[in-house]
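# Observations on the three-dimensional arrangement
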Amino acid sequence: DAGVIQSPRHEVTEMGQEVTLRCKPISGHNSLFWYRQTMMRGLELLIYFNNNVPIDDSGMPEDRFSAKMPNASFSTLKIQPSEPRDSAVYFCASNHRRLSGNTIYFGEGSWLTVV
Amino acid sequence: DQQVKQNSPSLSVQEGRISILNCDYTNSMFDYFLWYKKYPAEGPTFLISISSIKDKNEDGRFTVFLNKSAKHLSLHIVPSQPGDSAVYFCAASARVYTNAGKSTFGDGTTLTVKP
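Residues numbered from 1 in each chain as written. Chains lettered and ligands numbered in written order. Predicted model: local features only at pLDDT ≥ 70, side-chain atom pairs only at ≥ 80, totals over all residues. Heavy atoms only, no water.

It is worth spelling out the overall build of chain B at this point. Of the regular secondary structure elements, chain B holds zero helices and eleven strands. Ordered by position from N to C terminus, the α and β elements of chain B give β-β-β-β-β-β-β-β-β-β-β. Here chain B has a C-alpha radius of gyration of 14 Å; the compact-globule value for 115 residues is 13 Å, and the two agree. Each of the three principal axes of chain B carries a C-alpha extent, and together these read 45 × 30 × 25 Å. In chain B, which comprises 115 residues, the proportion classed as buried is 46%. Counted over contacts in chain B with a minimum sequence separation of 6, partners at least 24 positions apart contribute 56%. Charged side chains in chain B number 12 positive and 10 negative. The centres of these two groups are separated by 2 Å. (Helix = DSSP H or I, 4+ residues; strand = E, 2+ residues; numbered from the N terminus. Rg over C-alpha atoms; globule rule 2.2 N^0.38 Å. Buried < 20%, exposed > 50% of the residue type's maximum accessible area, 1.4 Å probe, protein only. Contact = heavy atoms within 4.5 Å. Lys, Arg positive; Asp, Glu negative; His and termini not counted. Charge placed at Lys NZ, Arg CZ, Asp CG, Glu CD.)

Residues and elements named next belong to chain A. Pairing analysis gives five bridges linking strand E7 (residues 65–71) to strand E8 (residues 74–79), with the strands arranged antiparallel. Residue Phe65 lies in a different strand from E8, and its bridge partner there is Ile79. Linkage of E7 to E8, two consecutive antiparallel strands, is achieved through a turn of two residues. (Pairing = 2+ DSSP bridges.)

This brings us to the packing of aromatic side chains. Considering all chains together, one arrives at twelve aromatic pairs over all chains under this definition. Measuring from ring centre to ring centre gives 6.5 Å for Phe33(A) and Tyr35(A), while their planes differ by 45°; the resulting arrangement is tilted. Here Phe33(A) and Tyr35(A) have matching classes, each one buried. Taken together, a centroid distance of 4.7 Å and an interplanar angle of 40° make the contact between Tyr25(B) and Phe33(B) tilted. Overall, Tyr25(B) belongs to the buried group, its relative accessible area being 6%. What links up through ring pairs into an aromatic cluster is the set Phe33(A), Tyr35(A), Tyr48(A), Phe91(A), Phe106(A), Tyr36(B), Phe46(B), Phe89(B) and Phe105(B). (Phe/Tyr/Trp six-rings, centres within 6.5 Å; stacked < 30°, edge-to-face > 60°.)

Residues and elements named next belong to chain B. One can find Ser74 in strand E8 (residues 72–77). For Ser74, a relative accessible area of 7% corresponds to the buried category. Here His76 takes part through its side chain, which lies 3.3 Å from a polar atom of the side chain of Ser74. Discounting residues that sit within four places of it in the chain, Ser74 has contacts with Ile20, Leu21, Asn22, Trp35, Thr63, Val64 and Phe65. (Polar contact = N/O pair within 3.5 Å; in protein donor to acceptor, adjacent residues only side chain to side chain.)

What follows is the structure in structure tokens.
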């Protein structure tokens, strides 16, 4: 079975540019999460969706960050404009709210460097 | 205030010996705990979990112990193998949350198992 698929795996961009990270959750999962991992703050939840609806975006750091889930098989995390402090690994994860219990399944991450 | 703490950033053990990774939490609402393992350049993967109604859960070489009164849990790996070398994240959640994706993660402990 395919796991959570993220793209791009690596991105280097200049400050001020728009960055779009993409995620395809595991088929059949109805919850999707965006996490960010940095040395300073560890692994932190940015936003999550249930049935394509954003439930909690309290972890989104600033208005420069936005996330969408237009359908059950696709989500984007956008940073506009990007800043060097946004450099981090961004993980997408999914689960089935009822069937997965308390386990979430992570993608391999998108490594973002803003210079 | 960090609600889930892994006070040891790193741990080194000899192959065949026991590895003990520790985790402390402060939020008394937490009633479900998980351990994730993460290899370099990969996303975290679920390892083992424990509910607050239990004080021990075992899965092969991995055992998690929970001490609710001390708000402490530990992961034991016996015997340790070089392939266990990875970063281990402790995570905690409260069932009252709508989804376990709201788990709070510790900063991780890097385990190195020497041959």
